[in-house]
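What follows is the residue order along each chain.
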Amino acid sequence: MKQTLIELLDTRVRAALATVGCTDAPAIVTPAGRPEFGDYQANGVMAAAKSRKMNPRQLAEEVVAALDLEGIASKVEIAGPGFINITLSPEYLASLMTNALGNSNLGVPLPPAQRVVIDYSSPNLAKEMHVGHLRSTIIGDALARVLRFLGHTVIAQNHVGDWGTQFGMLTAYLIEAEQEGGEMVLSDLEDFYRRAKRRFDEDAEFADRAREYVVKLQGGDAQVRALWQKFLDISLHHCEALYLRLGVTLKREDVRGESAYNDDLPVVVADLQAKGLAVESQGAQVVFLDEFKNKEGEPQAYIVRKQDGGYLYSTSDLAAVRYRVGILKADRVLYVVDARQALHFQQLFTLSRKAGYATEATQLEHVGFGVMLGDDGRPFKTRSGDTVKLVDLLQEAEERAFTLVSEKNEAMPKADRQTIAHAVGIGAVKYADLSKNRNSDYMFSWNSMLSFEGNTAPYLQYAYTRIQSVFRKVQTADEGAAIALTEPAERQLALELARFADAVHAVSREAAPHFLCGYLYDLATHFMRFYEACPVLKSEGAVRDSRLRLCRLTADTLNTGLGLLGIETLDVM
Ligand code: ARG
């Protein structure tokens, strides 16, 4: 199978539309939503009829007469003003199941391979990672996994903030602190930053030294550079410990921070000037983009060099686009960054194309996301109003999960309960984030994310263990058994299983993991219904073998799907 199910149906309906003279008319195939509408529905006929001033029902009849779904559909019906309702044949559905079972990637067809750069996590290294970085890290990592699964070459880029005036202050303070207490002072980065900042605010002499260090750092002074490097190392170590705990695939090699573009910044600005894009405005170098107007209707200024000669976030991002497209040869670049930076990215993309750093064909996408809110609907903070450290949040997740697991399995050895608590706690935090449409803000709630009911990680993990327990009770399962879909619940489960490829493709296309979460939740729900309606272990012969095959494919799909989201599954819990 080279196409997903929707792609296949779409191609066929479109071909039929073309046969009756509607070339280039979209087929618009979607899952039908209601059993009486069949399994899939094509909605394109109405628009095609409208633009040709034809009777839609009549056109639908012509399309259906020309539609070749031999061996795929058992029924094709016209409904309402010209919907085409398609019911798949049980034999075809069964063949999809067999194909998926026999394939290491569950038979998911691969799209044309691309080189995709994903910019994610990208914390500021001056401070410790806090919950604000959680969404970028989790969403970005799920996207990296999904795109790799689909055969793309994914190049992760951790565009850390490792440059700028704060680092003068931090390195100056590092020298002082080392004389006092050595390495220890850096075990709590947040505290280190606070103390350095206090020194900076309260001691003019120290502040001067900090500023001098910035100049030295930027000028390449060996001693200051070494201190800066040491600071970065420790800070990155903190990040890596969190990545490990979160099960995030980012590695040291993926780090390419703002400082990596330092030497390119003057080159970029000179290039923009030479191309007539950057002009001087009040001593700064600025690009006026007609596409972005301010309230007065004048083009907005995108500053690329400050009055004092310093460069900005925007300048390093321009250099990064050049690198990603020019050197890394990216066909697509995803920026998994807070939605509040939307304007910055729109301007960056527009300017990058104008300057020739990206071509029209390069897909540049800001994968924005909303903020994490507390139970009270306000930005997520500690009780005292501080930002929540990521390490504390993950600790609490595991502790809460441990309590839950212990309530359910008092007799289980502690180490086993801890393993489960890790998978459930971290899984719950990740899934709660991934399952929401990333564009909206989302409410962080321990109770709902750790619930064993509803669209949560524990529910899906539990569904998986439930199937694993079936297989523990089976002596032999016939791996080659034929699949027969006779009961409605069997058919519904098979239909759901057949949707996997489309769900994964949707995640990649829209850079939106919630499509996969919604899919897995539906799948688990259909499995539970099937399991209630159709006895597996108590059935016999070919029926039992066929049902076991459906159980196997459901387990494989849940396992693969959760794996693509970066969530662990367990055999028991
Ligand atoms: N360090 C930035 C921040 O914490 C995010 C960087 C995102 N990536 C980028 N290429 N601008 O806000």
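Below, the structure is looked at part by part. (Residues numbered from 1 in each chain as written. Predicted model: local features only at pLDDT ≥ 70, side-chain atom pairs only at ≥ 80, totals over all residues. Heavy atoms only, no water.)

**Examining the pairing of strand E6 (residues 153-157)**
Taken residue by residue, a regular strand's side chains alternate between the two faces of the sheet.
So, point 1. Burial analysis of E6 places four of its five residues in the buried class, which makes it a mostly covered element.
So, point 2. As judged from the five bridges shared by strand E5 (residues 115-119) and E6, these two strands associate in the parallel manner. Its bridge partner lying in E6, Val-116 is registered against Val-154.
So, point 3. Between E5 and its parallel partner E6, the chain crosses via helix H5 (residues 134-149), and the hand of that crossover is right-handed. (Buried < 20%, exposed > 50% of the residue type's maximum accessible area, 1.4 Å probe, protein only. Helix = DSSP H or I, 4+ residues; strand = E, 2+ residues; numbered from the N terminus. Pairing = 2+ DSSP bridges. Right-handed = clockwise from strand over helix to strand, strands pointing away.)

**Points about the pairing of strand E7 (residues 278-281)**
So, point 1. Bridging between E7 and strand E8 (residues 284-293) involves four bridges; their strand directions are antiparallel. Within E8, the residue paired with Ser-281 across the bridge is Ala-284.
So, point 2. If you look at the hairpin formed by E7 and E8, you'll find two residues sitting between the two strands, and Gln-282 has a positive phi there, around 50 degrees.

**As for the packing of H5 against helix H14 (residues 414-434)**
So, point 1. Where H5 contacts H14, the two axes come as close as 10 Å, and the packing angle between them is 85 degrees. As far as their axial angle goes, H14 and H5 are roughly perpendicular. On H14, the residues touching Leu-134, Arg-135, Ile-138, Ile-139 and Ala-142 of H5 are Val-429, Lys-430, Asp-433 and Leu-434.
So, point 2. For the contact of H5 with H14, a count of residues per class yields six nonpolar, no polar and three charged. (Axes fitted to C-alpha atoms, helices over the stretch in contact; angles between N-to-C directions. Parallel < 35°, antiparallel > 145°, perpendicular 65-115°, else oblique. Contact = heavy atoms within 4.5 Å. Nonpolar A, V, L, I, M, F, W, Y, C, P; charged D, E, K, R; others polar.)

**Quick look at the environment of Phe-345**
So, point 1. Following the sequence through the fold, Phe-345 ends up in helix H12 (residues 342-354).
So, point 2. Classification of Phe-345 as buried rests on a relative accessible area of 1%.
So, point 3. A C-alpha to C-alpha distance of 9.9 Å links Phe-345 and Val-367, two positions 22 residues apart in sequence.
So, point 4. Among all residues touching Phe-345, those that are not within four sequence positions of it are Tyr-313, Asp-317, Tyr-335, Val-337 and His-366.

**Some thoughts on the sheet that holds strand E3 (residues 73-79)**
So, point 1. A sheet is described by the order of its strands in space; here four strands give the open sequence E1-E2-E4-E3, paired in antiparallel fashion. In the strand order of this sheet, the two ends are held by strand E1 (29-31) and E3, each with one partner. When strand polarity is set aside, the average angle formed by the axes of neighbouring strands in this sheet is 25 degrees.
So, point 2. With three bridges joining them, strand E2 (residues 40-42) and strand E4 (residues 83-88) adopt antiparallel strand pairing. Each residue of the ladder has a partner; that of Gln-41, found in E4, is Asn-85.

**Considering the packing of H5 against helix H18 (residues 500-510)**
So, point 1. The interhelical angle for the contact between H5 and H18, taken along N-to-C directions, is 125 degrees, at an axis separation of 9 Å. Viewed along their axes, H5 and H18 adopt a mutual orientation that is oblique. Classified by chirality, the crossing of H18 by H5 is left-handed. Counting all contacts with H5, which are made through Leu-143, Val-146, Leu-147 and Phe-149, the residues of H18 involved are Phe-500, Val-504, Val-507 and Ser-508.
So, point 2. Looking at the contact of H5 with H18 residue by residue, the classes come out as seven nonpolar, one polar and no charged. (Left-handed = near helix turned anticlockwise from the far one by under 90°.)

**Observations concerning the packing of aromatic side chains**
So, point 1. With the rule as written, the count across this model stands at 16 aromatic pairs.
So, point 2. Where Phe-345 meets Phe-349, the ring centres are 5.9 Å apart and the plane angle is 40 degrees; that geometry is what we call tilted. Placement of the pair is Phe-345 and Phe-349 together in helix H12, with a separation of four residues, close to one helical turn. Both residues of the pair, Phe-345 and Phe-349, belong to the buried class.
So, point 3. Between Phe-444 and Trp-446, the aromatic rings sit 5.0 Å apart at their centres with planes inclined by 85 degrees, giving edge-to-face as the arrangement.
So, point 4. Stacked on the ring of Phe-452, the Lys or Arg Lys-408 has its end atom at 4.3 Å from the ring centre. (Phe/Tyr/Trp six-rings, centres within 6.5 Å; stacked < 30°, edge-to-face > 60°. Lys NZ or Arg CZ within 6 Å of the ring centre and 35° of its normal.)

**What to know about the environment of Ala-142**
So, point 1. Tracing the backbone through its elements, the reader meets Ala-142 in helix H5.
So, point 2. Taking the C-alpha atoms as reference points, Ala-142 and Pro-513, 371 residues apart in sequence, are found 6.9 Å from one another.

**A look at the state of the cysteines**
So, point 1. According to the stated counting rule, one finds zero disulfides in the structure shown.
So, point 2. Of all cysteine sulfurs in the structure, the one in Cys-534 sits closest to Cys-551, which takes part in no disulfide; the separation is 9.7 Å.
So, point 3. For Cys-551, a relative accessible area of 0% gives the class buried. (Disulfide = S-S within 2.5 Å.)

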